[in-house]
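# Close look at the chain arrangement
Okay, here's what each chain looks like letter by letter:
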Amino acid sequence: PLISRNYKGDVAMSEIEHFMPLLVQREEEGALAPLLSHGRVHFLWIKHSNLYLVATTLKNANASLVYSFLYKTVEVFCEYFKELEEESIRDNFVIVYELLDELMDFGFPQTTDSKILQEYITQQGNKLETGKSRVPPTVTNAVSWRSEGIKYKKNEVFIDVIESVNLLVNANGSVLLSEIVGTIKLKVFLSGMPELRLGLNDRVLFELTGRSKNKSVELEDVKFHQCVRLSRFDNDRTISFIPPDGDFELMSYRLSTQGGKEYLMRAHFGLPSVEKEEMEGRPPIGVKFEIPYFTVSGIQVRYMKIIEKSGYQALPWVRYITQSGDYQLRTS
Amino acid sequence: MTDSKYFTTTKKGEIFELKAELNSDKKEKKKEAVKKVIASMTVGKDVSALFPDVVNCMQTDNLELKKLVYLYLMNYAKSQPDMAIMAVNTFVKDCEDPNPLIRALAVRTMGCIRVDKITEYLCEPLRKCLKDEDPYVRKTAAVCVAKLHDINAQLVEDQGFLDTLKDLISDSNPMVVANAVAALSEIAESHPSSNLLDLNPQSINKLLTALNECTEWGQIFILDCLANYTPKDDREAQSICERVTPRLSHANSAVVLSAVKVLMKFMEMLSKDLDYYGTLLKKLAPPLVTLLSAEPELQYVALRNINLIVQKRPEILKHEMKVFFVKYNDPIYVKLEKLDIMIRLASQANIAQVLAELKEYATEVDVDFVRKAVRAIGRCAIKVEQSAERCVSTLLDLIQTKVNYVVQEAIVVIKDIFRKYPNKYESVIATLCENLDSLDEPEARAAMIWIVGEYAERIDNADELLEGFLEGFHDESTQVQLQLLTAIVKLFLKKPTETQELVQQVLSLATQDSDNPDLRDRGYIYWRLLSTDPVAAKEVVLAEKPLISEETDLIEPTLLDELICYIGTLASVYHKPPSAFVEGGRGVVHKSLPPRTASSESTESPETAPAGAPPGEQPDVIPAQGDLLGDLLNLDLGPPVSSPPLATTSVQMGAVDLLGGGLDSLIGGPNFVAPPAATVPASLGAPIGGGLSDLFDLTSGVGTLSGSYVAPKAVWLPAMKAKGLEILGTFTRQVGSISMDLQLTNKALQVMTDFAIQFNRNSFGLAPAAPLQVHAPLSPNQTVEISLPLNTVGSVMKMEPLNNLQVAVKNNIDVFYFSTLYPLHILFVEDGKMDRQMFLATWKDIPNENEAQFQIRDCPLNAEAVSSKLQSSNIFTIAKRNVEGQDMLYQSLKLTNGIWVLAELRIQPGNPSFTLSLKCRAPEVSQHVYQAYETILKN
């Protein structure tokens, strides 16, 4: 292995030697799965470019937590080293060890927010004399994603509403499945500890407040960043939060487009005929497109209220874009 | 400049050089050297020889260097325990450092050094750190308690750290609370019985409050911990659910799944009539669907869990079929799981779409996926009757593709369809026969042979087809051989005149030329059947088969409930209980769903209380016939268990008679040749006249006439209490009749006459069926044995204990009273074998509160022996399954008053302790049934 950290000491370090042969064997049998076991040891793995990140356990561990953590680890490493690959691990092995210690303790994930980690684990190697390397209070705060004392001359928030259309059409041209997955991404340049409230034309909210349902959108499911107060949303559909600094994904939503308007484009492609000996099945046709300044769902940002105790005025900017997601047309 | 340069020193004498550098006066050089050491360690070189030199670098004000040295210590301390002690002072000092990062680092590292000597010194610093002013140190110390517990549990208890840890659950800082919960949960796992977490409404409230404030990981620890709590009633369950549901909107899939676990578990306590129950069901679907947009590995975990959820509560996702449609670029493990869920959700409403999809998948390239898709079409046909015809025609289309594995798979499922809808789709047989030659997989060959045998009368050349298979008989796999044997016997019974030779041939192949015991057994059984009673043979072999059930791979209900408690964990991915893959005592407590308990102020009237709900609205899952009972598709037509006609005839007939004639009525001449005596294994050779009748004793206890177990007679009435009359007695049950076997002895000096007996009213209405007949007067010192027939039509009165029988015996001297306890198994009736499907439906239907569990200890029998022993006392094994090496016997018995008792007996090979779970609508009999099991099995 390139680098490893044994958090609990119950799995022998040599066990990992079984992993690659097992993986290869399963792949040959066509029985590859993200969870493999050898004797008493269970391997939970993900692959990032040409690296395998493998977690081992002897216990009935929480598998979704493990995969979620592995992906979070990839995210942190990527933010630290731009690219996560063999070279970047070797080039930064000291900091990788430091991060591994901070990300997890005894098998329990700890601080995995890379922005906060960067406040006390830095590449320049801290000198204690400077008194800098203290635990930022943010690490253990209830607001564990934003530090205090952030200052900007110009207070601004950029909101990107990005919708992807997933579509599955069979060879006869009938739509089997179509859904919109939207994400709202924020770029936050705000001083202090601002309280934000985002208003959408959410149908449930409109119903709750007795507004007309016209021009509202019914969201089937919504997922929020850690910073959003979920109980509050559950209670009165208010999206309220103290944002992290900089870029982050505030929320994602999903809605099916059943009953919407349907347009069919018939296109004729003249393609040169090429033959391949191997049969590879019939891959579907993928379609890519982008529609700026538009959301297919009709979702709108009605307001973004920003309140900070210093009372500054801040400007929200909104952009909308629709793009193709997993857009597949099966062929016959 | 990057760190990679540290990896490049591979010169000779490297260790020496490093040693020198580590001891250098220059700070920078020291640090560089430590980095080189760590780099070597990373690539797997042994640098333990540098231990003292590295430890010397520990006292530094450079945090980065300190971390590296600590890392080195964690790696090598165990191999150098004596030297590790050198580090203790620095650790202790660092735990007092003004910088909380250093304090936390020291306490974190010390906990990872699994050396006893160091552990002792850890206690004082840890105690301080648990009360540190800085939450970062406290949260690290909380985890350290779990580490220390792993090394030395006793020490942690003695030092009172568990109490301190419990206090931290009330800490003001959410991260400290989360780690304390995680640590306590981890420790509690190794103390299953202790109420370490002390979950009560107050502590639950604290956890729910912390849930809103801690990190995503902390939320998972808390939710997983909540899932172990059993609310006191439905109100508390609902209020916890209400506070957990907002977590379903968290971006982290693991938070969502842990919340789903809590909700699925607590829902069990809510009445389905509650509005909130419906609300909750609706809230669960969207987040489960959204999980399918996560990374593939998380999708996989989600799908494996959805598979469980769909079985437990199919209503949640019944309208979401389409989201499980397979995408071209899904990884294969996702594709296979989606397919499985699609079949589970298939219904009349969506079957057209499902079939269209399955047909699409059947033309893909991945062999495993294609096979599964073809099989799925068959499962749809069986599940949704209205679609059967369409499924069959789809399968025929697929057979026309001539893709070998598609054809074979299609034939296997068509056989299942025949078994579900007999005499409906036989027109396709001709097409199937065309593909006979291309079948090279045993399962497909066996299926085809079954079809030919089953429909032999409609296939003109059935004999030729089967004969073709016979040529390479010994090269076939067992399942093909068994199937061929049965098919030819069927053919013979249908067309006896033309196929005599063929059947002789196969019987001789199966018995004389084979050393496979199963094949030989079956061969002999057919042989004997055919030779003794061809009419019976016809009845047995060509009997109408039970239709196969809808879903054959449902997880059995008790396991399913357990797995629901483990949503999100490895158990839920493997679909196995943790005890099956986690070693040792840890984590092997079986979890179960909480029983439904209404709060005392419940508004529901008792009539509508869930326990009394009519059975019709009970089942959440379509009664899970199949799986529990083993593979119903197995077409084994071996002798039906307990078949009295066979047994009785076999006793009457001698060997000669047996093997000769007999078939006359069927084929019109005594030309059926008996198996040569030499082929009968010596052990089966019975004494003169016994012939092959003993053969049957080998087969799951068929035809034992011995009857139920009879206890030795015990003294019921001692002579001194009855003026010289001593009564010993016992109870027997034989071929349906119960009797009381008495032994009367006259120990007095006078003759006794005029005996009579009476029973008091009792729980099961036992009464003498005839007067007590002592024919001659009983002289002094004379003993007489009497068998008093009993019936169960007497007056009934519930006794305490239930099996108490009060008896009065009169003679010329006086009336004497005594009471005795009769073993319950005398009340087990002969027709106590419940139909498989009925069993499952009943098992589901009887509320969980009625389930009782018992341990049967020190019973060295294996499953077969247990089964046959119990059967002779009318406890019938309906199915046997092997689950993770344990044998599970599903059994039923019926009492004389019509009460059914259902049992699950869990036997671990090599372990003489069995677990017996009993379910009965009259739970008060369970204890006595258990005693009957004990008595029967241990005698």
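Note that the structure is predicted; figures quoted are calculated from it, not measured.

Residues and elements named next belong to chain B. For helix α16 (residues 253-267), built from 15 residues, the straight-helix expectation of 21 Å at 1.5 Å per residue is met to within 8% by its first-to-last C-alpha distance of 21 Å. Burial of α16 is extensive: 15 of the 15 residues sit out of reach of the surface. With a side-chain oxygen lying 2.8 Å from the backbone nitrogen of Ala254, the N-terminal cap of α16 falls on Asn252.

Before going further, it helps to spend a moment on the pattern of salt bridges. When the charged atoms of two side chains lie near each other, side chains of opposite charge can form a pair. Applying the stated criterion to the full structure yields 67 salt bridges over all chains. Close ionic contact of A:Glu86 with A:Arg90 constitutes a salt bridge, the shortest N to O distance being 3.6 Å. Here A:Arg90 and A:Glu86 lie together in helix α3 (residues 86-91), a separation of four residues that amounts to about one turn. Connected through shared salt-bridge partners, B:Arg371, B:Arg375, B:Glu409, B:Glu441 and B:Glu443 make up one network.

Enumeration over the complete set of coordinates arrives at 31 aromatic pairs over all chains. Centre to centre, the rings of B:Phe854 and B:Tyr930 are 4.4 Å apart; their planes meet at 5°, and the pair counts as stacked. With B:Phe854 in strand β9 (residues 851-856) and B:Tyr930 in helix α39 (residues 926-937), the pair connects residues that are 76 residues apart, well separated along the chain. Accessibility expressed as a relative area gives 16% for B:Tyr930, which makes it buried. Among the aromatic side chains, those forming a connected cluster through ring pairs are A:Phe19, A:Phe43, A:Trp45 and A:Tyr52. Sitting above the plane of the A:Phe206 ring, A:Arg211 keeps its charged end 5.0 Å from the centroid. Across the ring face of B:Tyr328, the terminal group of B:Lys335 is positioned such that the distance to the ring centre comes to 5.7 Å.

Residues and elements named next belong to chain B. Inspection of the secondary structure assignment puts Tyr276 in helix α17 (residues 275-290). On the basis of relative accessible area, Tyr276 is assigned to the buried category, the value being 12%. Between the alpha carbons of Tyr276 and Leu530 there is a distance of 63 Å; along the sequence they are 254 residues apart. In this view, Tyr276 contacts Gln238, Cys241, Glu242, Thr245 and Leu270; residues no more than four positions away in its chain are not counted. Here Glu242 takes part through its backbone nitrogen, which lies 3.3 Å from a polar atom of the side chain of Tyr276.

So, how was this worked out
Residues numbered from 1 in each chain as written. Chains lettered and ligands numbered in written order. Predicted model: local features only at pLDDT ≥ 70, side-chain atom pairs only at ≥ 80, totals over all residues. Heavy atoms only, no water. Helix = DSSP H or I, 4+ residues; strand = E, 2+ residues; numbered from the N terminus. Expected span 1.5 Å × (residues − 1). Buried < 20%, exposed > 50% of the residue type's maximum accessible area, 1.4 Å probe, protein only. Polar contact = N/O pair within 3.5 Å; in protein donor to acceptor, adjacent residues only side chain to side chain. Salt bridge = Lys/Arg side-chain N within 4 Å of Asp/Glu carboxyl O. Phe/Tyr/Trp six-rings, centres within 6.5 Å; stacked < 30°, edge-to-face > 60°. Lys NZ or Arg CZ within 6 Å of the ring centre and 35° of its normal. Contact = heavy atoms within 4.5 Å.

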